[in-house]
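Fold and geometry: a report
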Amino acid sequence: MKNENSLAGLSSTEAASRLKHDGPNLLPGSQPKTLFSIVLSVLREPMFLMLLVAGTIYLALGDRAEALFLLVFVFMVIGMTLVQEHKTQRALESLRDLSAPRALVIRDEREIRIPGCEVVVGDLLVLHEGDRIAADALLLQGRLSVDESLLTGEAVPVTKIPNPQITAMQTPGSDSLPSLFASTVITKGVGFAVIKSIATDTAVGHISQSLATTQEVQSGLQRSSRTLIRTVSMIAVGLAMGLVLVNWIFNERSFMESLLSGIALAMATLPEEIPVILTVFLALGAWRITKIKVLTRRISAVEALGAITVLAVDKTGTLTQNRMQVAELSVENRRFIATQEDELPEIFHSLVEFGMLATPADPFDPMEKAIQSFGHARLKDTEHLHDASTPSFSYELSSDILAMTQIFSDINPSLHLLATKGAPEAVADLCHLSETRRYEIGLQVEAMAARGLRVLGVARGEYQTDKNNPVWPESQHDFDFTFLGLIGFMDPPRSEVPAAIAECRSAGIRVLMLTGDHPATAIAIAKQVGLTEYTDIITGDEIAQLDNDVLLTRLRSVHICARIQPEQKLRLVQLLQQSGNVVAMTGDGVNDAPALKAADVGIAMGERGTDVARESADIVLLDDSFASIAAAIRQGRNIYDNITKATRFIFAVHLPIIALTLVPALLHWPVMLQPVHIVLLQLLIDPACAIVFEAEPADANSMKRPPRNLTASPFTLSNIGFALLQGAGIALILLIGYSQLQHMGWSLDDIQIGVFTALVLALFLLVLANTHFTPSASLRTRTANPWMFSMFGTVTLMLLAVLFIPFLRNILGFASVTFSSIIISGILLFSSALWLLLLRFAGGRWLHL
C-alpha cells in the first residue's frame, strides 16, 4: 500500500473504498423532519382541529357523507403538506450541502477540491491561509499559524510545524507541533497535511459540537407576519363566537348548527396560508438562486437582495476574469510585450528570475502563478531557473510595506541573495532611489496601468551574515536593494459585466469598486466595464487620513476606491449604512470577514474565497462573477414581488368567502357556505399560493425601478387594503346577486349553484389579477408561468366534478345544474371581471408593481 505520508496523495479508487468503509466526514447534526413529525405538525394546526370538530358535528347531525368528505380532505391536506415539506426540505438540504466547507486534496497526484464530507483518512490536504481544516490531520510540510479558539477558547493563533517523529495527534492548543484539528482556521501560511481521523473521531466530534449544520433563523418577513396572523386569528375567533350566538339565540337554530356555522366562518377568516408562502417562497427562492451560480447561506438574505442600494465589489475576479497573465515587462526604457514576441531578450532575464525567486514555488495568488508560469516558459534551459532552491527566510507583505522579500542562502555560496516584489512605489522606496528615479518609475507605472495592467516592481539585493547562524534585520528597509524593473499583468474584464452594471444602474443600485490595485489600473478597468467615465478616485491612504464626515462626502461622488486595505472595507460599509444605504459587499480573504458580517448582504467568492470569508457571508458566488450578483438581485426582487402578490391574493380571496358565510346568517338568508364548501375552496387556494405564485416569472420592469426600503413589507396598509378592495367588490357583487335574484323570483337552487360557481371561478380571476400587475395590462390569459394553465384546468375539473357527479353534488347540497344557474354564474363572473379590471387600471399606480 502507498505510504500515506507521501505527497502523492491517495488514488481515487482507494479514497472511494475508504469513504464506503468509514462513512462520510460528518458531525452529528439536525436530522430532516420525519414523516411522523410532519403529520403531527399538521394535526396541531387550527384549521385541522376545526375540520375534526366540524366532522364530529356532521356525524352528530347524521350527515355521514359530509363527515366522510371532511375526512378525505384531512388526508389531502396531510398529503399536500408532505409534498410541500419535502420540496422545502430538499431545497434547504441542497443549500446546506453547497454551503458546507470544501477541502483541497491531492488525489491521483493532482489537486482537486471536494466537499469536506468526502475526505477520508489518509487524504493529503493542501492548506492555505483562510481555509477551515476539514478533519484532524498531521502537518507534513510547510509552516502554519492556526486559530484553535473554537476548541481552546484561546484567541492567539498557535504555530504548527512538521515533525516526522510525531505520528499521533496531540491536544488542541499545542504550539510548534504538527497536529491540526477539524473546524479550526488557518490564519497564515501554506502546507500539506495527512488526515488521521474524521467525523466523530475528531477532537471537535468528541465534544459533540454540531458545526457542520446550518440552523436557519426566521427571516424578518416571517417575524413580522406573526403579529398580523395573531391579530387576524383573534378577529376570526371573535366573529365565529359572535355568529354562533346570533344563530343560536336570535335565529333560533340548534346549537350544533350554530357551532357549525361559526366553524365555517373561522375557517374562512384564518389566513393560514401566510406562514406557508413565507417558508416555501424563501426556501425555494434560495434554491432557485443556486441555479444562477449564487448560493444563499442565510435565507433572510433573500429578502435583503431586493433592497440593495450600494454594491461594493472587488475588481479582480468579479469584474475581471481572474486569469492573470504576464502581459508586459519594463526594464529601464525598454518594453517587452508578451503577446507580440516569443524570445525573451537577455536584458529582461534578471527581472523574471528575481520575480520568480520572490514568489513561492507553489503559489496560490493568481499573479504569482502567472510569474511562475511565464518564467518556466521563457527561461527554460537557462541558468536563471532555481527550482531546487528554497528560501531560508522571508518577509511577508504587510500594511506598512506593500512588498515581500525572500532570502536564499543556497544559490551563491558566499552571500545571501534577496528577491523582492510588490507595489512599485513600495519596492522603489526599499531601493532608496532618488526622487527623480522614483518619478520616472511612477510615470512608467502610470502608463502601464492606463493600459489596464496591474503592475509589480521587482528588486534584488545581497546580504552578508554568518551562514551557519544568520541574524536577520527586523525590517526589509534595513537591506540595500537594486531596482530591476516592472512586471505588468493583464486580467481582462468579464464579457458579461458591462451589461450587468448597466442593469444595476437602471435598478437604482450604485456600484462602487474596491480594489488594492493601482488607481490607473482601476480606472482603466472601470472604463472598460462601463462603471464610470470619470477619473475621480479615492485611495487607501486618503481614506486613512479623512474623518468620517469628509470621507462620506467623498464617497458620494466617487465610484472607485484603489489601493485599499481589507480592514478599511469595514469602515466604508459602516459609513455607507449610516447614510441610509443598504450595502452589499464582496470579499474573499480572512480580513474581509468583519466587513462581510457588517454588510446588509455579505457576498463571498466561491472559487477564490477563503472558508472564513464564505462562512461570514450571506451569499456565495459560485463563479465569482459580477453578473451573478445582478442576476441574484433580480431574483431577490422577484421573490419579494411574488410574496407580495400571494399576500394580496390571500386577503382578497378570503373576503368573499367570509362575506358569503357571515352576511346570510346576519340577514336571515338561507345559508350559502358550509364547512364542506370552504374545504373545497381551500383545496384551490393553497396550491395557488404555494405553487402558482411561487413560480411566477420576474416582471420585465423589476430591474428598472429603484430598490425598495429594507423595512418594507407585503403586509402594508396599501397592499392589504387594495386586496380587501378587490375581495370586497367581488363579495358585494355576489351578495347583491344572491339577494336580488331571490327577490326576482329565481330558484334558490339555481342561485346557490350560480353564486358558488362564480365564486370558484373568481378565485382564478384573482390569481390573474394579482400576478403581472401593471396599469396597462388586462386580465390576460397568456403567461409565462408554467403552472397557470394547470391550475385553471384543475379548477375547471373540480368544479365540473362537484356539479355533475351526484355523490359530490349531494354532499355539497346542490341541485342539478340548469341553464338558469349557468346564466347566473356568467353574469356574476362577468361583473367580477369588470370590477377587477377597473381596479387594475385605477390601482396600478397606487401599488407601483
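A quick note: this is a predicted structure, and the numbers were derived from the prediction, not measured.

**Structural notes on the overall build of the chain**
Per the secondary structure count, the chain includes 28 helices and 22 strands. Expressed as a percentage of the 849 residues in the chain, the buried residues total 52%. In the chain, the proportion of contacts linking residues at least 24 apart, taken out of those at least 6 apart, comes to 73%. When the accessible surface of the chain is summed, it comes to about 36700 Å², and 58% of that surface belongs to carbon and sulfur atoms.

**Considerations on the sheet that holds strand β18 (residues 538-539)**
The 8 strands lie next to each other as β8-β22-β21-β20-β9-β17-β19-β18, forming an open sheet whose pairing is mixed. Every other strand in the sheet has two partners, leaving β8 (294-296) and β18 as the edge strands with one partner each. Bridge count for strand β20 (residues 583-587) against strand β21 (residues 601-605) is 4 bridges, and the pairing is parallel. Paired with Met585 across the two strands is Gly602, which belongs to β21. Strands β17 (510-514), β18 and β19 (560-562) of the sheet are contacted by helix α16 (residues 519-529), whose axis makes an angle of about 150° with β19.

**Considering the packing of helix α15 (residues 497-506) against helix α22 (residues 626-666)**
Orientation of α15 relative to α22, taken along the N-to-C sense of each, is 35°, at an axis distance of 8 Å. For the element pair α15 and α22, the recorded crossing hand is left-handed. Every residue of α22 that contacts α15 at Val497, Ala500, Ile501, Glu503 and Cys504 is listed here: Phe626, Ala627, Ala630 and Arg634. Split into classes, the residues belonging to the contact of α15 with α22 amount to 7 nonpolar, no polar and 2 charged.

**A word on unusual backbone geometry**
Phi is positive for Lys293, close to 70°, though the residue is something other than glycine. Residue placement: Lys293 occurs in the loop between α9 (273-290) and β8. Residue Lys293 is classed as partly exposed on the basis of its relative accessible area, which comes to 45%. For Arg563, which is not a glycine, the phi torsion comes out positive at approximately 50°.

**What to know about the side chain of Thr405**
Considering the arrangement of structural elements, one finds Thr405 in strand β13 (residues 403-408). Within polar-contact distance, the side chain of Thr405 engages the side chain of Thr420 at 2.7 Å. Setting aside residues no more than four positions away along its own chain, Thr405 makes contact with Phe393, Ser394, Tyr395, Leu418, Ala419, Thr420, Gln476 and Phe481.

**Regarding the sheet that holds strand β10 (residues 325-331)**
An order of β11-β10-β16-β15-β14-β13-β12 is seen for the 7 strands of this open sheet, with the pairing classed as antiparallel. What marks the edges here is a single partner per strand, and that holds for β11 (334-337) and β12 (393-395). The sheet shows a mean angle of 20° between the axes of neighbouring strands, taken without regard to direction. Here β10 pairs with strand β16 (residues 481-490) via 5 bridges, running antiparallel. Bridged to Leu329 within β16 is Ile487. Of the strands in this sheet, β10, β13, β14 (416-422), β15 (453-463) and β16 are in contact with helix α11 (residues 349-357), which crosses β16 at around 85°.

**Here's the deal with the packing of aromatic side chains**
Taken as a whole and assessed by the stated rule, the structure comprises 12 aromatic pairs. Aromatic side chains Phe393 and Tyr395 sit 5.2 Å apart centroid to centroid with 80° between the ring planes, which places their arrangement in the edge-to-face category. We classify Phe393 as partly exposed; its relative accessible area is 32%. According to the relative accessible area criterion, Tyr395 is buried, its value standing at 8%.

**Notes on the environment of Ala307**
Within the secondary structure, Ala307 sits in the loop between α10 (300-305) and β9 (310-314). According to the relative accessible area criterion, Ala307 is buried, its value standing at 0%. Considered as a pair, Ala307 and Asp600 are 293 residues apart in the sequence and their alpha carbons are 9.4 Å apart. In this structure Ala307 touches Val582, Pro707, Arg708, Asn709 and Leu710, once residues within four positions along its chain are discounted.

**Notes on helix α12 (residues 366-378)**
An α-helical turn contains 3.6 residues, so any two residues separated by three or four positions project in the same direction. Between its first and last C-alpha atoms α12 spans 18 Å; for 13 residues at 1.5 Å apiece the expected length is 18 Å, and the two agree. Met367, Glu368, Ala370, Ile371, Gln372, Phe374 and Gly375 are the residues of α12 that are buried.

**Here's the deal with a nonpolar patch on the surface**
Judged by side-chain polarity, Leu245, Trp248, Ile249, Phe250, Phe255 and Met256 come together as a nonpolar surface patch covering roughly 630 Å² of accessible area. Going through the elements one at a time, α7 (220-250) and α8 (255-269) are the ones with two or more residues in the nonpolar patch. Per element, the largest residue contribution to the nonpolar patch is 4 residues, and it comes from α7. For Leu245, the position within the fold is in helix α7. Taking relative accessible area as the criterion, Leu245 reaches 45% and is therefore assigned partly exposed.

**Here we look at helix α19 (residues 566-578)**
When we look at burial in α19, the residues that qualify are Gln568, Lys569, Leu572, Val573, Leu575 and Leu576. End-on, the buried residues of α19 take up no more than an arc of 165°, which puts them together on one face. Positive backbone phi, approximately 95°, marks Gly580, located one or two places after α19.

**A few points about the confidence of the model for the chain**
Model confidence for the chain is summarised by a mean pLDDT of 82, while 84% of its residues fall at 70 or above. For the chain, helix α4 (residues 64-99) is the element with the lowest average pLDDT, namely 62, and α11 is the one with the highest, namely 95. Contacts from residues 208-217, a stretch scored under 50 in pLDDT, to residues over four places away or in other chains number 21 contacts.

**Describing the nonpolar core**
Counting 124 residues, the largest nonpolar core has Leu311, Ile603, Phe626 and Phe756 as the members making the most contacts within it. Of the residues forming this core, the biggest block, 21 residues, is contributed by α22. Among all residues touching Phe756, those that are not within four sequence positions of it are Met672, Leu673, His677, Leu680, Leu799, Leu812 and Phe814. Counting residues in each nonpolar core, the second largest holds 28 residues, with Phe354, Ala358, Leu417 and Ile487 among its members.

**Details of the pattern of salt bridges**
Counted under the stated rule, the structure contains 17 salt bridges. Between Asp429 and Arg438 there is a salt bridge, with its nearest N and O atoms 3.8 Å apart. Residue classification places Arg438 among the partly exposed residues on the basis of a relative accessible area of 32%. Each of the salt bridges in this network shares a partner with another, and the network as a whole consists of Glu328, Arg335 and Arg451.

**Section: the side chain of Asp314**
Tracing the sequence through the fold places Asp314 in strand β9. The exposure class assigned to Asp314 is buried, which follows from its relative accessible area of 8%.

**Here we look at the pairing of β13**
Working note: regular strand, side chains alternate between the two faces of the sheet. With 6 of its 6 residues buried, β13 lies for the most part within the structure. Side chains Ala403, Thr405 and Ile407 of β13 all project onto a buried face; the interleaved residues Met404, Gln406 and Phe408 project onto the opposite face, where all are buried too. Across 3 bridges, the pairing between β12 and β13 is antiparallel. Pairing of Phe393 across the sheet is with Ile407, part of β13. Bridging between β13 and β14 involves 6 bridges; their strand directions are antiparallel. The residue of β14 that forms the bridge with Ile407 is Leu418.

**Here we look at the packing of helix α24 (residues 717-743) against helix α25 (residues 748-769)**
Two numbers describe how α24 lies on α25: the axes approach to 10 Å, and their chain directions differ by 165°. The angle between α24 and α25 falls in the class roughly antiparallel. Note on packing geometry: the crossing formed by α24 with α25 is right-handed. For the pair α24 and α25, the contacting residues are Gln726, Ile730, Leu734, Tyr738, Leu741 and Gln742 in the first and Leu748, Ile751, Gln752, Val755, Ala758, Leu759, Ala762, Leu766 and Ala769 in the second. Of the residues belonging to the contact of α24 with α25, the class tally is 12 nonpolar, 3 polar and no charged.

Thresholds applied
Residues numbered from 1 in each chain as written. Predicted model: local features only at pLDDT ≥ 70, side-chain atom pairs only at ≥ 80, totals over all residues. Heavy atoms only, no water. Helix = DSSP H or I, 4+ residues; strand = E, 2+ residues; numbered from the N terminus. Buried < 20%, exposed > 50% of the residue type's maximum accessible area, 1.4 Å probe, protein only. Contact = heavy atoms within 4.5 Å. Areas by Shrake-Rupley, 256 points an atom, 1.4 Å probe, with all protein chains shown as cover. Pairing = 2+ DSSP bridges. Axes fitted to C-alpha atoms, helices over the stretch in contact; angles between N-to-C directions. Left-handed = near helix turned anticlockwise from the far one by under 90°. Nonpolar A, V, L, I, M, F, W, Y, C, P; charged D, E, K, R; others polar. Polar contact = N/O pair within 3.5 Å; in protein donor to acceptor, adjacent residues only side chain to side chain. Phe/Tyr/Trp six-rings, centres within 6.5 Å; stacked < 30°, edge-to-face > 60°. Expected span 1.5 Å × (residues − 1). Patch = residues over 30% accessible without salt bridge, like charges linked within 9 Å, V, L, I, M, F, W, Y side chains within 5 Å. Salt bridge = Lys/Arg side-chain N within 4 Å of Asp/Glu carboxyl O. Arc of directions from axis to C-beta. pLDDT = per-residue confidence, 0-100. Core = buried A, V, L, I, M, F, W, Y, C linked by side-chain atoms within 4.5 Å. Parallel < 35°, antiparallel > 145°, perpendicular 65-115°, else oblique.

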